[in-house]
Every structure is written in structure tokens, then in C-alpha cells.
Amino acid sequence: MKARSNLTNIVKLCCGVLGLSALSIGLLGCGDSAPKEQESYTIKFSHVVSSGTPKGKAADFFAKRVEELSQGKIKVEVFPSTQLVDDDKVFQELKRNNVQMAAPSFSKFTPIVKEFNLWDVPFIFRDSEHLHKVMDGEVGDILKEKIAQKGFIALDYWDAGFKHFSSNKKPIIVPEDAKGQKLRIQTSKVLEEQIKAMGANPQVINFGEVYSALQTGVVDGTENPLSNFYNSKFYEVQKSLTLSSHGYLGYLVVMSEKFWRELPSDLQEVVKQAIKEATEFEREESARDESQLLANLNDYAKQSDKLTIYTLSNEQKAQWTSTMKAIYPKLYGIVGKELIQKTLETN
């Protein structure tokens, strides 16, 4: 260790005497520009859901695996339920390296990369298999690269679930059933076009206010994955749920670029392997969770007689697909025509 320290000092001295440029010093390993290998590294992983959700479980799984694979060189401290920072502020904390990892929902990325509106495009994903091929293929890589251009390390995509329509008025089985209904959406130009194509009125309301808005009739219905619909108890204030799977919610796991550059290459490979395993685990947990939630909702519907759950026929799905594909040209300026086409053509 002492000999290595003496060698480093000699190289630094040589660099100073020769008057090498900063670039040359960086290439030769002089000075402080090269990453310094430490004994250990700590990752603060912030997310906004509870530790019992698929995303929460996957974050804990990642923490365990990365510590095992790195033989203790990397320790991950997971902060669930917005204990550290919320997803609206997490990007600036990642930039500052105050937080090293986060897994915000796709909607949080749209202000910095408009192409992330792709995930809101209705009926663009045929099923979960198609969705994951898009995520893990060329389209997913294109979107990761756009995030990288903004100064973040894009690691992998995690599932939240497909969205479904619910209503207190007429059940939304085909698009025209929604005509005149007031439907809550999150802020999104794509979702506005989707609701308008159905003849309904889009209403942007904060998620925390949705239950009250449904209960008091401020809005008639909404769209949510089963996890939101069940855990937020929207079934108490909605008469119908249609398993439309018309849109999708997901997360992108990102890392601080500054922290990533500090990691030696062998530990970067450890992180990549751990996140790969965690992604597989999260997707399995999400699918298992969704099956259980649907079973719970079916039980509630039978016992209470206050909720009716509808499943779409192939003809009804075809009608939805035809109606929604008609608005795709309106979305080219938001998402990009090529990205939409690549998604549709993914097999």
C-alpha cells in the first residue's frame, strides 16, 4: 500500500513538472480526475410507496443482492414511503448525489423527456408480453438514452400495472359509453386526447383528492391500475370497473450519474446484475399482486353487490383499438411518429 502511494506521488510530480494538460492528466491517471476506488460505497435508494408493494419489495431485494454480489463493498439504504424525498424533487437530489437511486413513475419523466408520454398512449400494448418486449428492446433503449442525455443513469423498467376504467354512471364497456362523463386523469396531453376521443370530459385532479371527487360526484369515473383502485378503496365509491387494460403505469429505476462515475467498473457490473435480478423479481411480484387484488375485488363485488366488474370481449377490444388508433396522428408531435410505429411493430 505504501509503495503504491509513493508511486502515485511520483506520477503526480512528473505530471506537474511536464506541465501536462488536464486532459492528458486524466488519461494518464494523474490528479483527481480518475475515479477513486474506496473500501465501500453507500447507495441511498428513495421511493414513494410502502415496502410491502412490488416496487418496495424489489428495492429491498436489490439492496440484499447488490451487497451479496459486491461482497459488502456496496451497501444500499432503502427509504420507502417518501421518507427521504418525494418524486417531484428527487431528480435534483440525484443530480446533487444526495440520493443515489430512485424509481419514479413514468409520468414524472415526461417534463424532461416528452417521449415518455409513449407509455400513456391508449391500446398501444397488446398484452404484458408485448409490453415487456418493448421495454427490453429497441424502444426501451431509445428512451433510456434520452434520459441519459439529461444526466441520469437509466437502469431498468419496473411494473405498476395496466390501467382500467371505472364509473359511477354508465359502465364504460365501449368508448361511446363514456360520452358526457367526467373522468379524472393525471396531467397528460395524451390522456386528454384519449378521454376526448371517448366523448368524455377530462378532469385533472391530484391523486390524493380522487376518492373525495368520486364520492361527491365532482367526477364520475377514473382510470387506475388495480393496485390504486383497491388500495385507495375507490371500489367504495364506484359502481363499475371495466378490465380494459387500455393504458399502462410503470417505473424507471435511475441512478445518480455522479455516483455511477465514482464506481469502479467491476462494481458497475455488480449493480447491473443486481438490477437485472431485481427487475425479474419485481415483475413477478407485480403479476402475483395483481392476481390477488382482482380476487379481492371479485370477492367484494359478490359480497357487497355494490360493484360490478366487466371483462371485454374480443369485439369490444377491437372497437376500443380502432377508436384509439384514430388519435395516434395527434400524438406524433408529443411522442414521435417513429417511436409509436416501432412500438406497434415490436414482436
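Basis of the calculations
- Residues numbered from 1 in each chain as written.
- Predicted model: local features only at pLDDT ≥ 70, side-chain atom pairs only at ≥ 80, totals over all residues.
- Heavy atoms only, no water.
- Phe/Tyr/Trp six-rings, centres within 6.5 Å; stacked < 30°, edge-to-face > 60°.
- Helix = DSSP H or I, 4+ residues; strand = E, 2+ residues; numbered from the N terminus.
- Buried < 20%, exposed > 50% of the residue type's maximum accessible area, 1.4 Å probe, protein only.
- Lys NZ or Arg CZ within 6 Å of the ring centre and 35° of its normal.
- Arc of directions from axis to C-beta.
- Contact = heavy atoms within 4.5 Å.
- Axes fitted to C-alpha atoms, helices over the stretch in contact; angles between N-to-C directions.
- 1 Å grid on protein atoms, 1.4 Å probe; cavity = no way out; pocket = protein on both sides within 12 Å on 5 of 7 lines; lining within 4 Å.
- Points joined across faces, edges and corners; volume = space filled by probe spheres on them.
- Nonpolar A, V, L, I, M, F, W, Y, C, P; charged D, E, K, R; others polar.
- Parallel < 35°, antiparallel > 145°, perpendicular 65-115°, else oblique.

Within the structure shown, the criterion is met by 21 aromatic pairs. On the basis of an interplanar angle of 75° and a centroid distance of 5.9 Å, the ring pair of Phe-106 and Tyr-157 is categorised as edge-to-face. In this pair, Phe-106 sits in the loop between strand E3 (101-102) and helix H5 (128-135) while Tyr-157 sits in strand E4 (residues 152-167), placing the two residues 51 residues apart along the sequence. Taken as a pair, Phe-106 and Tyr-157 share a single burial class, namely buried. On the numbers, 6.1 Å between centres and 45° between planes, the contact of Phe-106 with Tyr-248 is tilted. Taken as a pair, Phe-106 in the loop between E3 and H5 and Tyr-248 in strand E8 (residues 240-256) lie far apart in primary sequence, 142 residues in all. What makes Phe-106 buried here is its relative accessible area of 4%. Assessed through its relative accessible area of 2%, Tyr-248 is described here as buried. One aromatic cluster is present, built from ring pairs that chain together Phe-91, Phe-106, Phe-109, Phe-116, Trp-119, Phe-125, Phe-152, Tyr-157, Phe-162 and Tyr-248. Residue placement shows Lys-55 over the ring face of Tyr-251; its charged tip is 3.7 Å from the ring centre. One Lys or Arg, Lys-95, reaches over the ring of Phe-152 and ends 4.9 Å from the middle of that ring.

Let's shift gears to helix H14 (residues 337-345). Turning to H14, its buried residues are Leu-339, Ile-340 and Thr-343. Looking straight down H14, one finds its buried side chains confined to an arc of 100°; they lie on one side. Away from the buried face of H14 by more than 90 degrees, exposed residues Glu-338 and Glu-345 are located. On the buried face of H14, the contacting elements are H5, helix H6 (138-148) and helix H13 (328-335).

This paragraph deals with the packing of H13 against H14. At a closest axis distance of 7 Å, the pairing of H13 and H14 adopts a crossing angle of 115°. Contact residues: Tyr-328, Leu-331, Tyr-332 and Val-335 in H13; Lys-337, Leu-339, Ile-340, Gln-341 and Leu-344 in H14.

Right, let's talk about empty space enclosed by the protein for a bit. Summary: where empty space remains is shown by rolling a probe the size of a single water molecule over the atoms. Tallying each qualifying case throughout the model produces one cavity of 30 Å³ or more. Here the largest cavity defines a volume of roughly 50 Å³. Residue lining of the largest cavity: Phe-106, Ser-107, Thr-110, Phe-116, Trp-119, Asp-120, Gln-186, Tyr-248 and Leu-249, and that is the complete set. Class assignment for the residues of the lining of the largest cavity results in five nonpolar, three polar and one charged.

Attention shifts here to the packing of helix H7 (residues 189-197) against H13. Running from N to C, H7 and H13 point in directions that differ by 170°, and their axes come no closer than 10 Å. If you check the angle between H7 and H13, you find them roughly antiparallel. Only Lys-330, Leu-331, Ile-334 and Val-335 of H13 make contact with H7, whose side of the interface consists of Lys-189, Val-190 and Glu-193. Within the contact of H7 with H13, the residues separate by chemical class into four nonpolar, no polar and three charged.

The space that makes up the largest pocket amounts to roughly 1,200 Å³. Ser-105, Ser-107, Lys-108, Gln-186 and Asn-228 are, among the 48 residues lining the largest pocket, the residues nearest its centre. Listed by contribution, the elements that provide at least two residues to the lining of the largest pocket are helix H3 (54-69), E4, strand E5 (182-185), H7, strand E7 (221-224), helix H9 (226-231), E8 and helix H11 (265-304). Counting residues per element, the lining of the largest pocket draws most heavily on H11, at five residues.

These figures capture arrangement, not role.
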